[in-house]
Amino acid sequence: MDNEFAAAMAGWGPIILMLVIFYFLLYRPQKKAQKEREEMLNSLKVGSRILTIGGIYGTITGIDDEIIKLQIADKVEIEVAKSSVNNNVSDKPAEN
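As the structure is a computational prediction, the values presented were derived from the model and not from experiment. (Residues numbered from 1 in each chain as written. Predicted model: local features only at pLDDT ≥ 70, side-chain atom pairs only at ≥ 80, totals over all residues. Heavy atoms only, no water.)

Chemist: Please explain the pairing of strand β3 (residues 67-73) as it appears in this structure.
Modeler: Sheet topology places strand β2 (residues 57-63) next to β3; four bridges connect them, and they run antiparallel. Bridge pairing in β3 places threonine 59 opposite glutamine 71. Where β2 hands over to β3, the hairpin turn is made up of three residues, counted between the paired strands. Linking β3 to strand β4 (residues 76-81), which pair antiparallel, is a turn of two residues; within it lysine 75 sits at a positive phi near 60 degrees. (Pairing = 2+ DSSP bridges. Helix = DSSP H or I, 4+ residues; strand = E, 2+ residues; numbered from the N terminus.)

In structure tokens form, the structure reads like this:
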């Protein structure tokens, strides 16, 4: 019985080890980043300064479930998808 168990572990051991490595190197960090992004999107509010994926800086003037109204200049507002927000730059300290 011990020989059968050792043979089974010799065959399945490397596969199980690879699964554990993939979990800690790929799946877990990706889930953490996804959670942080979701928290950032949920924390957006009117008056926040953001950066879109396209590189447009602006200030939020209105928020809907899927759409954000963004003021990019005086008397110039655009609508962007909420998912296109890359960063909330009003939360970050200014770098000198």
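Anyway, onward from the coordinates.
Chemist: Please explain the packing of aromatic side chains as it appears in this structure.
Modeler: When we look at a pair of aromatic rings, we describe it by the centre distance and by the angle of the planes. Evaluated as defined, the whole model comprises two aromatic pairs. Consider the rings of tyrosine 23 and phenylalanine 24, whose centres lie 5.0 Å apart with planes at 80 degrees: the pair is edge-to-face. Looking at tyrosine 23, the relative accessible area reads 39%, which means it is partly exposed. Here the aromatic residues Tyr23, Phe24 and Tyr27 are joined through ring pairs into a cluster of three or more. (Phe/Tyr/Trp six-rings, centres within 6.5 Å; stacked < 30°, edge-to-face > 60°. Buried < 20%, exposed > 50% of the residue type's maximum accessible area, 1.4 Å probe, protein only.)

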